[in-house]
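# Results of the structural survey
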Amino acid sequence: SVGQRAREAFAQHAWVDAFDLLSRADASGGLTPDELELLGQAAWWTGRLPLAIDARERAYAGFLRAGEDVQAAFTAVGLGRDNLLRNAQPVAAAWLKRAERLLEGRDEGPVHGWLSVTRSLLAGLSGQVDEAAAEADRALAIAAVVKDPDLSAEATVIKGLSLIYQGRVEEGLATVDQAALAAVAGELQPLIAGAVCCSTISACTSVGDWPRALQWTEAQDRWCQRERIAGYPGMCRLYRAEAKRLRGAWLEAETEARRATDELQGFVPAAIGLALYEVGVIRLRRGDLP
């Protein structure tokens, strides 16, 4: 089936192949809600966040029609996160509220943990640091019960960020280190591993701990090479470019920054200027004033 072939491509991290395969099937209207969710993941990995959101919205509707409320809630949480990446916070909050309603009266499970993780992200972006920390703790407690390493790592890195924002910098950095270690050690699925590394590098740069940021950038590079992954798209490349520039790896840094300018078209268009600025700084360092 199309879904099986797409999953095989995913297993090989052949995101472009999976996207092309699913897109062709989607053009004829032949995808199930599960396959639309796969299309959303493939679109995300290939830097097409608006297409990922569209596929997930249709997957959500399909799950709802089929009476699969828990899966619909999972998809709603994913749409919440996707819209946070687009800086569409009111839309993200609405999707999270929809997931909450779908889960009313149900026993706590993994989806509740992912809901708390995404609520924590939203609270942090809104400056509600204490609420972000509380939601991260809730997600960690659920992860311990359901034994979900991806959920645990994601909640751990967000907890670390919350501690940093609360002024507990050393404790926060030590916490994000633990999450990043799980990522580069191969304990997590690629999507979560990339997100954890990205958040860790961002946390290090935000407090000016450049040696730490460089070490985790190099560790992520090794992980990407082992897993045959071309990198984590969007803002992560920008953080990596900055770290590599400071290390003096200007060619690698410029490559990351230029790829970021393309990918951010479909992720956070407002951040394209940051990526172009990074390219300019690198060119100045190389003596290329024009």
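Treat the numbers as computed from the prediction; the structure is a model and nothing was measured. All residue numbers here refer to positions counted from 1 along the written sequence of the relevant chain. In view of the model being predicted, local features appear only for residues whose pLDDT reaches at least 70, and side-chain atom pairs are presented and counted only at 80 or more, with totals across whole chains, interfaces and linings using the full set of residues. Remark: hydrogens and water are excluded; side-chain values derive from all non-hydrogen atoms of the structure.

## Concerning the overall build of the protein chain
Threshold: Put simply, DSSP marks the helices as runs of H or I at least four residues long and the strands as runs of E at least two long, and each gets a number from the N terminus on. Restricting the calculation to C-alpha atoms gives the radius of gyration, and the globule rule supplies 2.2 Å times the number of residues raised to the power 0.38. Accessibility here uses a 1.4 Å probe with only protein chains present; expressed as a share of the type maximum, an area under 20% marks a residue as buried, one over 50% as exposed, and anything in between as partly exposed. Any pair of residues with heavy atoms lying within 4.5 Å of one another is described as a contacting pair.
A count of helices and strands for the protein chain gives 15 helices and zero strands. By the compact-globule yardstick of 19 Å for 290 residues, the protein chain fits well, its C-alpha radius of gyration being 19 Å. Here the C-alpha coordinates of the protein chain stretch approximately 60 × 45 × 35 Å along the principal axes. When the 290 residues of the protein chain are sorted by exposure, 53% land in the buried category. Nonlocal contacts in the protein chain, meaning residues at least 24 apart in sequence, comprise 58% of its contacts between residues at least 6 apart.

## Topic: helix α15 (residues 272–285)
Short version of the rule: Expected span of a helix: the number of residues minus one, times 1.5 Å.
The terminal C-alpha atoms of α15, which comprises 14 residues, lie 20 Å apart, in line with the 20 Å expected from a rise of 1.5 Å per residue. Among the residues of α15, those classed as buried are I272, A275, E278, V279, V281 and I282. Looking at the packing, one finds that the buried side of α15 touches α13 (235–247) and α14 (250–263). One or two steps after α15, the chain reaches G287, where phi turns positive at roughly 85°.

## Focus on helix α9 (residues 149–165)
Quick note on the threshold: As used in this structure description, the phrase polar contact means that two N or O atoms lie within 3.5 Å; if the pair is within protein, one of them must be able to donate a hydrogen and the other to accept it, and residues adjacent in sequence are counted only when both atoms belong to side chains.
With 17 residues, α9 ought to run about 24 Å at 1.5 Å a step, and its terminal C-alpha atoms sit 24 Å apart, in line with that. α9 sits mainly inside the fold: 14 of its 17 residues count as buried. A distance of 3.0 Å separates the backbone nitrogen of D150 from a side-chain oxygen at the start of α9, and that oxygen is part of D148.

## A look at the nonpolar core
What counts here: Buried Ala, Val, Leu, Ile, Met, Phe, Trp, Tyr and Cys residues form a nonpolar core when they are joined through side-chain atoms within 4.5 Å.
Of all hydrophobic cores here, the largest spans 83 residues; its most connected members are L188, V196 and L264. The residues contacting V196, other than those within four sequence positions of it, are A153, E154, V157, A179, A180, A183 and L188.

## Overview of the packing of aromatic side chains
Keep this limit in mind: Working definition: rings of Phe, Tyr and Trp (its six-membered ring) pair if their centres are within 6.5 Å, and the pair is stacked with planes under 30 degrees apart, edge-to-face with planes over 60 apart, and tilted otherwise.
Tallied over the full model, the rule gives four aromatic pairs. Between the aromatic rings of F10 and W15, the centroid separation amounts to 5.5 Å while the plane-to-plane angle is 75°, which identifies the pairing as edge-to-face. For F10, a relative accessible area of 13% corresponds to the buried category. Relative accessible area serves as the criterion here: at 11%, W15 is assigned to the buried category. Ring plane angle 5° and centroid distance 4.3 Å describe the contact between W15 and W45, whose orientation is recorded as stacked. In this pair, W15 sits in helix α2 (residues 15–27) while W45 sits in helix α3 (residues 33–45), placing the two residues 30 residues apart along the sequence.

## What to know about the packing of helix α10 (residues 169–184) against helix α11 (residues 190–206)
Put simply, the rule reads: Axes here refer to lines fitted to C-alpha atoms; in helices the fit is confined to the stretch in contact. Angles between the N-to-C directions go from 0 to 180 degrees. Should an angle lie under 35 degrees it is considered roughly parallel, over 145 roughly antiparallel, and from 65 to 115 roughly perpendicular; all remaining angles are considered oblique. Working rule for handedness: look at the near helix, and if it is turned counterclockwise from the far one by less than a right angle, call the crossing left-handed; if clockwise, right-handed. Amino acid classes used here: Ala, Val, Leu, Ile, Met, Phe, Trp, Tyr, Cys and Pro are nonpolar; Asp, Glu, Lys and Arg are charged; the rest, including Gly, are polar.
One can describe the packing of α10 onto α11 by two numbers: an axis separation of 9 Å at closest approach and a directional angle of 150°. As judged from the angle between their axes, α10 and α11 are roughly antiparallel. In terms of crossing hand, the pair formed by α10 and α11 is left-handed. Contacts between α10 and α11 involve L173, V176, A179, A180, A183 and V184 on the former and, on the latter, A193, V196, C197, T200, A203 and C204. Grouping the constituent residues of the contact of α10 with α11 by class yields 11 nonpolar, one polar and no charged.

## Here we look at unusual backbone geometry
Among all residues except glycine, the phi angle is most often negative; among peptide bonds, the trans geometry is most common. We note that N87 has phi near 65°; this positive angle belongs to a residue other than glycine. With respect to the helices and strands, the residue N87 is situated in the loop between α5 (69–85) and α6 (89–102). Accessibility expressed as a relative area gives 55% for N87, which makes it exposed. Its identity as a non-glycine residue notwithstanding, K147 has a phi of 55°, on the positive side. With respect to the element layout, K147 can be found in the loop between α8 (129–146) and α9.

## A closer look at the confidence of the model for the protein chain
Put simply, the rule is: Confidence scores per residue from the predictor, reported as pLDDT, run from 0 to 100.
The predicted model of the protein chain has a mean per-residue pLDDT of 91, with 98% of residues at 70 or higher. Element-level mean pLDDT values for the protein chain span from 83 in α13 up to 97 in α6.

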